[in-house]
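Structure at a glance
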Amino acid sequence: MLTDVFTGLSWNPVSDVQQMLAYPFMVNALEAGTIVAVMAGVTGWFMVLRRQTFAGHALSVTAFTGASAAALAGAPLALGYFGFCGAGAIAFAGATGPKRSYSSESAAIGSFQSLALGLGFLFVSLYHGVLNGLDSLLFGTFLGITSAQVVVLLAVAAVAIALVGLAARPLLFASVDPDVARARGVPVGLLGFAFLLVLGMSVAETSQITGALLVFALLVTPAATAHRLTARPLLGVVLSVVLALAVTWVGLTLAFFSIYPVGFFVTTISFALYVIARLVR
Amino acid sequence: MFAQEFMRNALIAGSFVGLACGVVGYFVVLRAQVFAGDALSHVAFTGALAAAAFGADVRVGLFAATILGGLVMGALGDRARADDVVIGTLFAWSLGLGVLFLSIFTTRNSAGNGTAGIRVLFGSIFGLSASDVRTSVVLALVAVALLLAVARPLLFATLDAAVAAAQGVPVRALGLLFLALVGLVAAQATQAVGALLLLGLLAAPAGAAHRLTARPYRGLALSTAFAVGSVWLGLGLAYAFPTLPPSTMIVSAAAGVYVLALLASSRPAWPSRILATDR
């Protein structure tokens with residue numbers, strides 16, 4: 001059974017890793033996966049803390065729309081990903097305002113998200129003959145990442161992590177107790193908006209590896225596991241990054257040696273870790 | 001337009017999908033469970049592909065997966081209200097499974113080349129058969145009748161769970177039943193507008209209704225009218241302009257209604273004022 005699934009595996013770890021690293025596309029995929037995992041681990045931890053999982057998901061859908069719009073217009077895909085996710089973050093912050101109320105916020109996000117998906121589907125169907133392309137936009141491909149893309153990913157991740165790092169203390173305060181933070185002069189609304197923008201960038205980046213639909217596997221699940229295991233902020237962020245890294249590396253490796261897609265391995269491993277964390281704590 | 005059989009089928013099935021989505025969506029928005037509805041729509045995708053991959057009837061996979069998904073999410077959350085982190089993790093995994101089933105399906109049927117997945121994701125309302133239409137009508141009527149039967153206690157349990165529980169309302173059981181009903185409607189709507197777009201019919205018309213009125217029964221009626229109207233408008237547009245996909249047009253019409261309602265009511269919506277104290 002296992003040998004049917006992992007057809008390429010010789011079961012000798014050293015030679016298997018050597019074989020994998022002999023392919024430039026695999027090296028690129030691992031590099032990109034590492035960058036994305038670090039970034040998703042950091043922003044995901046704050047996203048789970050702030051209970052903005054749904055907003056994160058809606059932004060990932062916007063990434064799909066952006067990519068399909070870029071494909072239709074003949075522009076670089078990365079431009080579409082980042083442009084639409086940034087615009088989506090601005091739209092959310094504008095629609096929900098500084099004082100968040102869950103019910104009206106979720107209706108707004110839901111309407112926005114399905115409109116974005118609908119438009120994405122429209123762009124794809126106007127751009128004929130890309131049904132296979134649609135699959136990879138939605139579910140990701142790690143085979144086609146170029147070295148230039150890795151550099152772009154690294155630059156965006158560096159900026160985003162630096163921003164989160166600079167604002168970490170006030171952001172933590174504003175997320176845990178917005179009312180007290182506001183009374184102490186912390187710009188809660190501005191921080192919320194800035195965080196959505198960073199989340200949008202992060203999602204746009206992750207989408208290029210995992211596809212728009214599976215962003216969640218790296219953003220939510222490692223962070224949720226970390227929140228289960230520790231309440232201490234710094235330790236939690238580190239744990240979330242470590243889990244995201246482990247899941248990405250193992251997922252990419254398993255996918256390389258098997259006939260099944262990377263998204264399945266990444267989501268399944270991270271979900272298994274989350275279940276274990278729930279059972280332990 | 002009405003001379004075409006596929007168009008008649010689409011209109012009948014679409015109207016009943018709109019009816020069910022409008023009624024159930026009203027409570028989904030009131031209970032702030034739009035994200036759960038979203039997750040169920042992705043579970044629908046996984047269920048349908050699992051059935052396709054193993055050669056079973058797609059509809060069986062759809063309904064089994066969504067109703068089970070609704071029950072699991074309800075069971076994991078407090079007071080049968082799953083919190084968004086639990087929903088997010090479950091849903092990421094269900095998508096991963098969906099991708100797996102998609103790849104199994106495409107390797108088994110080399111002729112299918114992935115279009116089955118696209119059909120499930122984005123719907124095929126112009127390709128419904130007469131028996132699909134009958135199923136859709138019956139299911140919509142069942143879901144709406146069940147929901148209206150529990151509408152009063154459900155409303156009570158939603159607005160003030162603690163007082164409702166003290167008065168002997170089975171809050172937890174109602175929450176579970178409700179999520180299972182959302183699953184049923186999600187599966188039914190997946191056949192028409194697709195797993196990815198049905199959220200538009202659940203959230204947008206109901207969100208608009210909540211913006212416009214605070215009275216529950218008037219809101220329910222408005223939400224249903226908006227949902228059915230969006231389906232008709234979307235189908236009409238897609239018929240008039242054949243390059244436009246019908247599911248996109250339906251969802252765009254619903255989102256348009258929502259934006260108009262936002263503009264028409266600048267004051268904060270009623271559920272937000274009530275539920276704000278809950279958080």
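About the cut-offs
- Residues numbered from 1 in each chain as written.
- Chains lettered and ligands numbered in written order.
- Predicted model: local features only at pLDDT ≥ 70, side-chain atom pairs only at ≥ 80, totals over all residues.
- Helix = DSSP H or I, 4+ residues; strand = E, 2+ residues; numbered from the N terminus.
- Buried ≥ 20, exposed ≤ 12 C-beta atoms within 10 Å, placed from the backbone.
- Contact = placed C-beta atoms within 7 Å.
- pLDDT = per-residue confidence, 0-100.
- Axes fitted to C-alpha atoms, helices over the stretch in contact; angles between N-to-C directions.
- Parallel < 35°, antiparallel > 145°, perpendicular 65-115°, else oblique.
- Left-handed = near helix turned anticlockwise from the far one by under 90°.
- Nonpolar A, V, L, I, M, F, W, Y, C, P; charged D, E, K, R; others polar.
- Arc of directions from axis to C-beta.

Scanning chain B from N- to C-terminus turns up 13 helices and zero strands. The 279 residues of chain B split such that 58% are buried.

Of the regular secondary structure elements, chain A holds 15 helices and zero strands. Taking all 281 residues of chain A together, the buried fraction comes to 53%. Long-range pairs, those at least 24 residues apart, make up 75% of the contacts in chain A with a sequence separation of at least 6.

The next point concerns the confidence of the model for chain B. Residues and elements named next belong to chain B. Predicted confidence across chain B gives a mean pLDDT of 82, with 88% of residues reaching 70 or more. By mean pLDDT, helix α13 (residues 270-275) is the weakest element of chain B at 46, and helix α11 (residues 216-240) is the strongest at 91. Segment residues 269-279 is flagged for pLDDT under 50; beyond a separation of four residues in sequence, or across chains, it makes 20 contacts in the model. Listed scores for the predicted complex are pTM 0.83 and ipTM 0.80.

With that settled, the discussion passes to the packing of helix α1 (residues 5-30) of chain B against α11 of chain B. Residues and elements named next belong to chain B. One can describe the packing of α1 onto α11 by two numbers: an axis separation of 8 Å at closest approach and a directional angle of 150°. If you check the angle between α1 and α11, you find them roughly antiparallel. The element α1 and its partner α11 pack so that their crossing is right-handed. Residues of the contact of α1 with α11, tallied by class, amount to 15 nonpolar, nine polar and no charged.

Residue and element names in this part refer to chain A. Residues of helix α9 (residues 168-176) that are buried: Leu171, Ala174 and Ser175. Buried residues of α9 fall within an arc of 100° about the axis and therefore sit on the same side. Among the exposed residues of α9, those pointing more than 90 degrees away from its buried face are Arg169 and Val176.

Right, let's get into the environment of threonine 89 of chain B. Relative to the assigned elements, threonine 89 of chain B resides in helix α4 (residues 84-108). Assessed through the 29 C-beta atoms surrounding it within 10 Å, threonine 89 of chain B is described here as buried. Along the backbone, threonine 89 of chain B and alanine 39 of chain B are 50 residues apart, and their C-alpha atoms lie at a distance of 9.8 Å. If sequence neighbours within four positions are ignored, threonine 89 of chain B has contacts with Val220, Thr221, Ala224, Phe271 and Tyr274 of chain A.

What follows covers the packing of helix α15 (residues 262-280) of chain A against α4 of chain B. Interaxial distance between α15 of chain A and α4 of chain B falls to 8 Å at its minimum, and their mutual angle equals 145°. Handedness of the α15 of chain A/α4 of chain B crossing: left-handed. Side by side, α15 of chain A and α4 of chain B meet where Gly263, Phe264, Val266, Thr267, Thr268, Phe271 and Tyr274 of chain A of the first sit next to Thr89, Ala92, Trp93, Leu95, Gly96, Leu97, Val99 and Leu100 of chain B of the second.

It is worth spelling out unusual backbone geometry at this point. One non-glycine residue with positive phi stands out, namely arginine 51 of chain A, at about 55°. Tracing the backbone shows arginine 51 of chain A in the loop between α3 (24-49) and α4 (53-73). Of note, the phi angle at alanine 32 of chain B is positive, near 55°, even though the residue is not glycine. Its place among the elements puts alanine 32 of chain B in the loop between α1 and α2 (34-53).

As a further point, take helix α13 (residues 221-229) of chain A. Because an α-helix packs 3.6 residues into every turn, residues spaced three or four apart end up facing the same way. Burial runs high along α13 of chain A: seven of the nine residues are buried. Within α13 of chain A the residues assigned to the buried category are Thr221, Pro222, Ala223, Ala224, Thr225, Ala226 and Arg228 of chain A. On its buried face, α13 of chain A is in contact with α3, α12 (215-219), α14 (233-257) and α15 of chain A together with α4 of chain B.

Glancing now at the environment of leucine 146 of chain B. As for its placement among the helices and strands, leucine 146 of chain B is situated in helix α6 (residues 130-149). Taking the number of C-beta atoms within 10 Å as the measure of exposure, leucine 146 of chain B has 16 and is therefore partly exposed.

Chain-level pLDDT for chain A is 82 on average; 85% of the residues reach the 70-or-more range. Of all helices and strands in chain A, the one with the weakest mean pLDDT is helix α1 (residues 2-5) of chain A (60), whereas α13 of chain A scores best (92).

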